[in-house]
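Breakdown of the fold
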Amino acid sequence: MTERLEVRKTYKLYIGGAFPRSESGRSYEVTDARGRFLANAAKASRKDARDAVVAARKAYGGWSGATAYNRGQVLYRVAEVMEGRRSQFVDEVAAGEGLTRPRAEKAVDGAIDRWVWYAGWADKIAQVTGSTNPVAGPYFDFSVPEPTGVVAVLAPQSSSLLGLISVLAPVVVSGNTAVVVASEERPLPAITLGEALATSDVPDGVINLLTGRTAEIAPWLASHMDVNAVDLVGVTGDDEVARTLEVDAAENLKRVVRPPAAEPDWTAEPGLDRLTAYLETKTVWHPVGI
Amino acid sequence: MATFEYAPAPESRAIVDIASSYGLFVDGEFIDPADGTPFKTVNPATEEVLAEVSAAGPEDVDRAVRAARRAYTRVWSKMSGRDRGKYLFRIARIIQERSRELAVLESIDNGKPIRESRDVDVPLVAAHFFYYAGWADKLRYAGFGSDPKPHGVAGQVIPWNFPLLMLAWKIAPALAAGNTVVLKPAETTPLTALLFAQICQQADLPRGVVNIVTGAGETGRTLVEHPDVDKVAFTGSTEVGKQIARSIAGTPKKVTLELGGKAANIVFDDAPLDQAVEGIVNGIFFNQGHVCCAGSRLLVQESVADDLMARLKRRLRTLRVGDPLDKNTDIGAINSAEQLARIRELSEIGEAEGAERWSPPCELPDRGYWFPPTVFTGVSQAHRIAREEIFGPVLSVLTFRTPAEAVEKANNTPYGLSAGVWTDKGSRILWMAQQLRAGVVWANTFNRFDPTSPFGGYKESGYGREGGRHGLGAYLSSDGAA
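Just so it is clear, the model here is predicted, and its values are computed rather than measured.

Helix and strand counts for chain A stand at 10 helices and 10 strands. Over its C-alpha trace chain A gives a radius of gyration of 20 Å, about what one expects of a compact globule, namely 19 Å for 290 residues. Taking the principal axes of its C-alpha atoms as reference, chain A extends roughly 85 × 40 × 35 Å. Within chain A, residue pairs in contact and separated by at least 24 positions form 75% of the contacts whose partners lie at least 6 positions apart.

This paragraph deals with the overall build of chain B. If you tally the helices and strands in chain B, you get 15 helices and 19 strands. Here the C-alpha coordinates of chain B stretch approximately 65 × 55 × 35 Å along the principal axes. For chain B, with 482 residues in total, the buried portion stands at 59%. Across chain B, the fraction of contacts at a sequence separation of at least 24, relative to all contacts at a separation of at least 6, is 72%.

All right, on to the domain arrangement of chain B then. All names here are of chain B. Domain boundaries in chain B define domain 1 (24–259 + 460–477) and domain 2 (264–450). Taken over C-alpha atoms, the centre of domain 1 sits 30 Å from the centre of domain 2. Listed per partner, the contact involves 21 residues of domain 1 and 26 residues of domain 2. Taken together, the elements giving at least two residues each to the side of domain 1 that touches domain 2 come down to α3 (99–110) and α4 (114–135).

The partner chain B presents 37 residues to the 30 residues of chain A that form the contact. At the level of elements, β4 (139–147), α9 (239–249) and β10 (279–287) of chain A are the ones that each hand at least two residues to the side of chain A that touches chain B. Considering each element in turn, the side of chain A that touches chain B owes the most residues, 8 residues, to β10(A). Looking at the side of chain A that touches chain B residue by residue, the classes come out as 13 nonpolar, 8 polar and 9 charged. The pairing of β10(A) with strand β17 (residues 440–443) of chain B spans 3 bridges and is classified as parallel. Following the sheet pairing, A:Thr283 is matched in β17(B) by B:Val440.

Residue and element names in this part refer to chain B. As defined by bridge partners, strand β3 (residues 37–43) adjoins strand β4 (residues 48–55) across 7 bridges and the pair is classed as antiparallel. Across the sheet, Thr 41 pairs through a bridge with Ala 51, a residue of β4. Taken together, β3 and the strand that follows it, β4, pair antiparallel across an intervening segment of 4 residues, in which Glu 47 is found at a positive phi of about 65°.

What follows is about the sheet that holds strand β7 (residues 207–210) of chain A. Residues and elements named next belong to chain A. Ordered by their spatial adjacency, 5 strands build an open sheet running β7-β6-β5-β8-β9, and the pairing between neighbours is parallel. With partners counted over all chains shown, the strands left at the sheet margins are β7 and β9 (255–257), one partner each. The average undirected angle you get between the axes of adjacent strands in this sheet is 15°. Here strand β6 (residues 177–181) pairs with β7 via 4 bridges, running parallel. Paired with Val 179 across the bridge in β7 is Asn 208.

As a further point, take the nonpolar core. One finds A:Leu168, A:Val179, A:Val180, A:Leu210, B:Leu88 and B:Phe129 to be the most contacted residues of the largest nonpolar core, which totals 257 residues. Examining the composition of this core, we find that 12 residues originate from one element, helix α5 (residues 163–177) of chain B, more than from any other. Of the residues that make up this core, three or more belong to each of domain 1 (24–259 + 460–477) and domain 2 (264–450) of chain B. Setting aside residues up to four positions removed in sequence, B:Leu88 forms contacts with B:Phe129, B:Tyr132, B:Ala133, B:Ala136, B:Ala172, B:Leu175 and B:Ala176.

In this section: the pairing of strand β14 (residues 374–377) of chain B. Strand direction decides the pairing type here: strand β13 (residues 356–358) of chain B and β14(B), joined by 3 bridges, are antiparallel. Paired with B:Trp358 across the strands is B:Val375, a residue of β14(B).

Attention shifts here to the environment of B:Thr192. Residues and elements named next belong to chain B. Here Thr 192 shows up in helix α6 (residues 191–202). Given 30 C-beta atoms within 10 Å, Thr 192 falls into the buried group. Along the backbone, Thr 192 and Thr 399 are 207 residues apart, and their C-alpha atoms lie at a distance of 41 Å. Beyond its immediate chain neighbours, meaning those up to four positions away, Thr 192 contacts Leu 102, Leu 105, Glu 106, Asp 109, Pro 163 and Leu 164.

Next up on the list: the packing of helix α2 (residues 81–97) of chain B against α4(B). Residues and elements named next belong to chain B. Put simply, α2 and α4 touch, their axes get as near as 8 Å, and they point 165° apart. Compared by their axis directions, α2 and α4 come out roughly antiparallel. Regarding α2 and α4, the two cross each other, and that crossing is left-handed. Residue-level contacts link Gly 85, Leu 88, Phe 89, Ile 91, Ala 92, Ile 95 and Gln 96 of α2 to Val 122, Val 125, Ala 126, Phe 129, Phe 130, Tyr 132, Ala 133 and Gly 134 of α4. Looking at the contact of α2 with α4 residue by residue, the class counts come to 12 nonpolar, 3 polar and no charged.

This part is about the sheet that holds β4(A). The strand order β3(A)-β4(A)-β10(A)-β17(B)-β16(B)-β11(B)-β12(B)-β15(B)-β14(B)-β13(B) describes an open sheet built from 10 strands, whose pairing is mixed. On the outer flanks of this sheet lie β3 (131–132) of chain A together with β13 of chain B, each paired with one strand and no other. As paired elements, β14(B) and strand β15 (residues 394–400) of chain B share 3 bridges and run parallel to each other. Residue pairing in the sheet places B:Phe376 in a bridge with B:Ser396 of β15(B).

Residues and elements named next belong to chain B. If you check the backbone angles, Asp 27 has positive phi at about 55° while not being a glycine. Within the fold, Asp 27 resides in the loop between β1 (24–26) and β2 (29–31). Since 17 C-beta atoms lie within 10 Å of it, Asp 27 is described here as partly exposed.

Attention shifts here to the environment of A:Pro219. Residues and elements named next belong to chain A. Along the chain, Pro 219 turns up in helix α8 (residues 214–222). We classify Pro 219 as partly exposed; it has 15 C-beta atoms within 10 Å. With 29 residues separating them in the primary sequence, Pro 219 and Asp 248 have C-alpha atoms 7.2 Å apart. Pro 219 has contacts with Leu 245 and Asp 248, leaving out every residue within four places of it along the chain.

Time to look at helix α6 (residues 162–172) of chain A. α6(A) sits mainly inside the fold: 11 of its 11 residues count as buried. Taken residue by residue, α6(A) has A:Leu162, A:Gly163, A:Leu164, A:Ile165, A:Ser166, A:Val167, A:Leu168, A:Ala169, A:Pro170, A:Val171 and A:Val172 as its buried positions.

Let us look at α3(B). Residues and elements named next belong to chain B. Under the 1.5 Å per step criterion, the end-to-end length of α3 is 16 Å for 12 residues, consistent within 8% with the ideal 16 Å. Across the 12 residues that make up α3, a large majority, 9, are buried. Inspection of α3 places Leu 102, Ala 103, Val 104, Leu 105, Glu 106, Ser 107, Ile 108, Asp 109 and Asn 110 among the buried residues, and these make up the whole buried set. Here the buried face of α3 lies against β3, β4, α2, α4, α5 and α6. Of the residues one or two after α3, Gly 111 is the one with positive phi, at around 95°.

Parameters and conventions
Residues numbered from 1 in each chain as written. Chains lettered and ligands numbered in written order. Predicted model: local features only at pLDDT ≥ 70, side-chain atom pairs only at ≥ 80, totals over all residues. Helix = DSSP H or I, 4+ residues; strand = E, 2+ residues; numbered from the N terminus. Rg over C-alpha atoms; globule rule 2.2 N^0.38 Å. Contact = placed C-beta atoms within 7 Å. Buried ≥ 20, exposed ≤ 12 C-beta atoms within 10 Å, placed from the backbone. Domains from an automatic or database assignment. Nonpolar A, V, L, I, M, F, W, Y, C, P; charged D, E, K, R; others polar. Pairing = 2+ DSSP bridges. Axes fitted to C-alpha atoms, helices over the stretch in contact; angles between N-to-C directions. Core = buried A, V, L, I, M, F, W, Y, C linked by C-beta atoms within 7 Å. Parallel < 35°, antiparallel > 145°, perpendicular 65-115°, else oblique. Left-handed = near helix turned anticlockwise from the far one by under 90°. Expected span 1.5 Å × (residues − 1).

Quick look at the structure:
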């Protein structure tokens, strides 16, 4: 019996709900942990990054305006679709990160469970971080969290799926939209995630995924005047690049999540710091009277 | 229309005792600067020199930061929250005891009407210290984990528009959370901060917990960039806010920025117009319009624009501009010659760009820095007076037809600090409040402040909140379990 020749997949970008190649026509070789060829991934350009920001901005009104219950349902659905692709994710994580199959399974299970954890926050975070404020006067005064807008995420370089989801889910659960630059050397799980997103109920443009050289794409996002926040965890360990990006981000006072000293242990329960980093607090006053 | 004649009713300034010169407040005492240079602070209503103050140099700033670090390590971080709170309660009480003195001094150094310094600024200052005093021994219930930690030494730089109130917004939460501070008051308004230093002495606050270094922008920059400062808090212009964000890039410093604004005050055709007029006046002429959240863009629904403008102009004719210490005064002096020049320049640009300028007849004093309440009509969104923060008593009026257009125009700015909405319709208020990209929305009111109420901006109006539980969070690191 002859072995069947497999049908390989073309890995592309995920922008505005579509899977384009890079407009630059460029690609780069992705290998497994031992250096063996896995695929050619699209090498996103400045224009791809800008297109992704446009898509994210376009999606922002609808996504931030959706009910929290609806966002929670949509994100839970992503976990369901990911579960169906579990073995594909395991293959890609095992190959890219050089993990044994059991360890890759643990990472993928952790990633799916993290989506579920964050999905549940959609209709709870406002009660934890919002307040009514007992002002000294005849006013009703309350504060509510709102999403900050379009968030650029430089995904972690090592943990290609669990790390990615640990930084992406806290962005979108509260109503922000995202432009993600995937792990440079391990981008394949991110693109497969895009396929899961495209077949779930996440509206087009809410999550946009770019593959390519982080150092090339990041400055365009950090300096983009229609991006409201940036997560620099993807340049962990490269202090000078991180500093330059933070300087770029100051041009329109983006909210900046600085990289930690070393890539964190993504298996630990995340806490609320990442979720609240992309929230604004809005305070509303109204007189009380007859 | 009849105008009322008022006899002058000046508040006595005998209650304040201004020294001819002041040192820096470092490590619990007033010291002569090591490498600072003297400068003068003037009464903007008279141009009279009030005192000579020192612009702290790098060595002075370093001394202050070292004093704050010592106080943090040896005393303040080890003290129980209960005792930290008790010091803050003491400070709040002394502020109340010396409230008239503080109000008069604030009006003399800043130019704001005594009615505002006495009834708004100083009571809010005391309230802020009371509010945060009570948090000091309750930090683990604040929602930042079971054992939240202070950052360490906070470097705080504040503006001249609410000198003492901004000091309270900065120092009270910092100390309650267990940080020590080095605060730089604005160049033109250092005196109430220096009086606050004496209040710290009266309260027996441990030395070095609060340090006050006077000076201009260079002193502020030195403080913000000092390597041993863990947390930076700044209120001021967006331009300087961006410089600070750049200068601390790549450091572990935490930062909160409360910056400029260009707030829309939106009046719908069903609004109670007389109340709206009061809100518009309060929105832009409170504190001479030297307010980051001032309602500097009035958006009026077209169908009531003529009616509203007639009422507004009638009301503006009754405003009294003059001596800040006169209890009848509504609008005081512009804080500095520099600020007056900026207001004049932008107003001239407004005229040159084709907007129609109007001011009520009003006599301005011969000496000092004054600008009459001014309204521009026929303003388009492209005009600089509709885009740039003027920070003075200048209102730009635009019109709209639909709620969607009002939202579009209101949000068409890089700023996002505050907004006002005037309508009788509840559902529209809540819809507008959702749509406006601003940190504070005042509905059927304007320019309300309270220590329990989080305040701060979206977009280029800065990040972080001051006031309330949220403001406490800016001075704490969660322990990860939050």
